[in-house]
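Each chain is listed here by its residues.
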Amino acid sequence: MTWRGTTTVRDRIFAALPYLLPLMDGLPFGQFLFQQFPILEIITLPLIPLKTLHQLPFAGFIVFIGLYMLVVRNENIPHFIRFNTMQAILIDIVLILCTLIFQVLGNVLLPGFVGETLYNMIFLGLLAAFFYSVIQCLSGKYAEIPTLSDAVYMQVR
């Protein structure tokens, strides 16, 4: 649904780009799937230039803050772009929290198979959210992810 005006092709492309941030941060969760199914690494080929940039110290944090301050809080940018940018940021925050939980619990409470299964579930959920959101953006529709979109609507006016 495209309310608050129509979207141009340029707006659709700019709205889809921020979803690369959570995809980059979520790649480590795919490590077990990549080991079991090496053909899946094809999805990471277009991300090679971003992987090198992402290895710089604090690069992810700088992009995160930059997107929030320069895009989400800028009223001159169309609502469609700001909404999708904020939604990508919230997906990234969820991934950061998952990473912290795994670092704290580590192998103590999540041994072998259970930990691998959780990693796979998080990665597959991320891929589903990524592809759904990008496809919706490119078709000019708002990507409605249940609880997450509600939080985005509260942040982006």
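Residue positions are given per chain, counting from 1 as you read along its sequence in written order. Local features in this predicted model are restricted to residues whose pLDDT is 70 or higher, and side-chain atom pairs enter the listing and the counts only when it is 80 or higher, whereas totals over whole chains, interfaces and linings include all residues. As a rule here, side-chain values cover all heavy atoms of the structure and leave hydrogens and water aside.

A few points about helix H1 (residues 9–16)
So, step 1. Think of it in three bands: with a 1.4 Å probe and only protein chains considered, a residue is buried below 20% of the maximum accessible area for its type, exposed above 50%, and partly exposed in between. Runs of H or I in DSSP of at least four residues are treated as helices and runs of E of at least two as strands, each being numbered from the N terminus. All of the buried residues in H1 are Asp11, Ala15 and Ala16. Projected onto a plane normal to the axis of H1, the buried residues spread over an arc of 130° and lie on a single side. Those residues of H1 that are exposed and aimed more than 90 degrees away from the buried face are Val9 and Arg10. In this description, the arc belongs to the directions extending from the helix axis to the C-beta atoms.

Digging into the environment of Phe34
So, step 1. Counting through the fold element by element, Phe34 comes out in helix H3 (residues 31–36).
So, step 2. Among the residues examined, Phe34 registers a relative accessible area of 12% and is labelled buried.
So, step 3. Along the chain, Phe34 and Ile145 lie 111 residues apart, while their C-alpha atoms are 26 Å from each other.
So, step 4. It only takes one pair of heavy atoms within 4.5 Å for two residues to be counted as in contact. Setting aside residues no more than four positions away along its own chain, Phe34 makes contact with Leu27, Leu40, Glu41, Ile43, Thr44 and Phe123.

Re the packing of H1 against helix H7 (residues 112–138)
So, step 1. Only the contacting stretch of a helix is used when fitting its axis, a line to C-alpha atoms as for every element, and angles between N-to-C directions run 0 to 180 degrees. Contact geometry for H1 and H7: axes closest at 8 Å, N-to-C directions at 165°. As the angle between them shows, H1 and H7 are arranged roughly antiparallel. Here H1 and H7 pass one another in a crossing that is right-handed. Residue-level contacts link Arg12, Ile13, Ala15 and Ala16 of H1 to Val134, Cys137 and Leu138 of H7.
So, step 2. Residue polarity follows a fixed list, in which Ala, Val, Leu, Ile, Met, Phe, Trp, Tyr, Cys and Pro are nonpolar, Asp, Glu, Lys and Arg are charged, and the others, Gly among them, are polar. Here the contact of H1 with H7 is composed, by residue class, of six nonpolar, no polar and one charged. Angles below 35 degrees are treated as roughly parallel, those above 145 as roughly antiparallel, those between 65 and 115 as roughly perpendicular, and all remaining angles as oblique. If you view the pair so one helix is near and one far, a crossing is left-handed when the near helix is turned anticlockwise from the far one by less than a right angle, and right-handed when it is turned clockwise.

Topic: the side chain of His79
So, step 1. By the secondary structure assignment, His79 is in helix H6 (residues 79–109).
So, step 2. Accessibility expressed as a relative area gives 8% for His79, which makes it buried.
So, step 3. As used in this structure description, the phrase polar contact means that two N or O atoms lie within 3.5 Å; if the pair is within protein, one of them must be able to donate a hydrogen and the other to accept it, and residues adjacent in sequence are counted only when both atoms belong to side chains. A polar contact is formed between the side chain of His79 and the side chain of Tyr142, at a distance of 2.8 Å.

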